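# Survey of secondary and tertiary structure
These are the residues of each chain, in order.
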Amino acid sequence: MAIVYLNGEFLPLEDARISVLDRGFIFGDGVYEVLPVYRRQIFRLNEHLNRLDNSLTSIHMLNPLTLEQWRVVLMTLVERCPEDNQSMCKPLIKCDYSNGIRAVTCEDIRWKWCHIKAITLLPSVLLRYEAAEKDATEAILLKDDFVTEGAASNVFIVQQGVVKTPPKDDNILPGITRDLVIELLIGTGIPCREIKISRKELVSADEIWITSSTWEIVPVIELDGKTIGNGRPGKMWGKAMDIYQEFKKNMTVSN
Ligand code: PDD
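Here the structure is a predicted model, which is why all the values come from computation and not from measurement. (Residues numbered from 1 in each chain as written. Predicted model: local features only at pLDDT ≥ 70, side-chain atom pairs only at ≥ 80, totals over all residues. Heavy atoms only, no water.)

With that out of the way, let us pick up the pairing of strand 9 (residues 146-150). Taking burial as the measure, the 5 residues of strand 9 include 4 buried ones, the bulk of the element. Two elements, strand 8 (residues 138-143) and strand 9, share 3 bridges in a ladder whose sense is antiparallel. What sits directly across from isoleucine 140, in strand 9, is glycine 150. Two successive antiparallel strands, strand 8 and strand 9, enclose a turn made up of 2 residues, where aspartate 144 displays a positive phi of approximately 50°. (Buried < 20%, exposed > 50% of the residue type's maximum accessible area, 1.4 Å probe, protein only. Helix = DSSP H or I, 4+ residues; strand = E, 2+ residues; numbered from the N terminus. Pairing = 2+ DSSP bridges.)

Looking at the protein, the domain boundaries give domain 1 (3-91) and domain 2 (101-253). On a C-alpha basis, the centres of domain 1 and domain 2 stand 25 Å from each other. Across the boundary between the two partners, domain 1 contributes 21 residues, which contact 23 residues of domain 2. With both chains or domains summed, domain 1 and domain 2 bury close to 2,000 Å², and 62% of this area falls on carbon and sulfur atoms. Interface area lost by domain 1 to domain 2 is led by Tyr32, Phe43 and Arg51, which between them contribute 32%. At the surface where domain 1 touches domain 2, the tally comes to 1 salt bridge. One salt bridge connects glutamate 183 with arginine 44, and the closest N-O pair in it is separated by 3.5 Å. Here domain 1 and domain 2 share 8 residue pairs in polar contact (both at pLDDT 80 or more) between them. Those elements giving two or more residues to the side of domain 1 that touches domain 2 turn out to be strand 3 (36-38) and helix 2 (45-58). (Domains from an automatic or database assignment. Contact = heavy atoms within 4.5 Å. Buried area = accessible area lost by both parts, 1.4 Å probe. Salt bridge = Lys/Arg side-chain N within 4 Å of Asp/Glu carboxyl O. Polar contact = N/O pair within 3.5 Å; in protein donor to acceptor, adjacent residues only side chain to side chain.)

As a further point, take the site of the ligand. Around the ligand, the surrounding shell holds 19 residues, and the nearest of these are Tyr32, Arg51, Glu149, Thr177 and Ser213. The separation between a nitrogen atom of the ligand and a polar main-chain atom of serine 153 is 3.5 Å. One nitrogen or oxygen atom from the side chain of threonine 177 is found 2.5 Å from an oxygen atom belonging to the ligand. If the ligand stood free it would expose 470 Å²; the protein chains cover 88% of that surface. Within the residue set of the shell around the ligand, elements represented by two or more residues are strand 9, helix 5 (176-187) and strand 13 (207-212). In terms of residue class, the shell around the ligand is made up of 6 nonpolar, 9 polar and 4 charged. For the shell around the ligand, the two domains that each supply at least three residues are domain 1 (3-91) and domain 2 (101-253). (Near = heavy atom within 4 Å. Areas by Shrake-Rupley, 256 points an atom, 1.4 Å probe, with all protein chains shown as cover. Nonpolar A, V, L, I, M, F, W, Y, C, P; charged D, E, K, R; others polar.)

Here is the structure:
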C-alpha cells in the first residue's frame, strides 16, 4: 500500500486529501521533486533537496523542513514502501527504451522560468500530446531555433566525439541526471561541453539522448521522422550508460 506524507502525517495514499481551495490545486502554486530509489537508497538525495529548496525560494514559499528533517521523512517513506526500487512512494516502473525512442521538435511554448520545478505543467502535457499524436515519445523543445530541453527531460547531442548539452539558465530545469551525466563523462575523460545547440546542430547530430531521473539516459533514434546516426542507439550512449549503471551499482547513501 502506498504511504504518503501530508501536513506532518504519514497516511495511506487513499486517505490523503487536500482542500479544493488549496492554492496548488487552484492556481498551480507549487513545486515538486521526483526522487528515484534504488535498492532502498534515495538517488542523489542532497541534489534533489537543494533543487527543491531553490524552487521553493523562487516561489516565495518557506521550506517547511530542514534538509535533515526531509531526509528523515523520505527515509521513513522508503522504509514503508514494499518495493526496493521506487519513485514517488510507488514501485519504479521502468519502460525499456534501450532500443531508442522517436522524438519530435516543438516550439517551446512554456513560460520564462523553466528552472523552477513547478507543478504547473499544462504546456508540457500539451507538448507530450503533440509528440504522441506524431507517434513519438518525447518532444524536444526549441526557443528561437536553439534547443532548450525535452518536455520532461534534458537533451544531449554527440557531435564528432564531443558530447554537448545546453547550459543551465532560466530556459531549462537544472536536471539532476544531466549534472551527473556531465560529471561522470568528464571524470572518464569523455569531452563534454555545456553549450548552446542550434536546430541545425540538433538535426545533424551523430547521436541525441534525453535524460531524466526516471528514464536515466535514453537514445533518440528518430527525430521528426528522420533517422539519427545509423538509426540505432549510438556508441557514445552505450559508454555513457555503462558509466551511469556502474555509478548506480556502487552508490552509497551519500551519492
Ligand atoms: N522530470 N526537464 C524537465 C522539464 C523535466 O520535467 C525533467 C524531469 C528533467 C530532468 O530532470 P531530472 O534529471 O532531475 O529528473 C528536465 C521528472 C522526472 C518528472 O517530472 O517526472
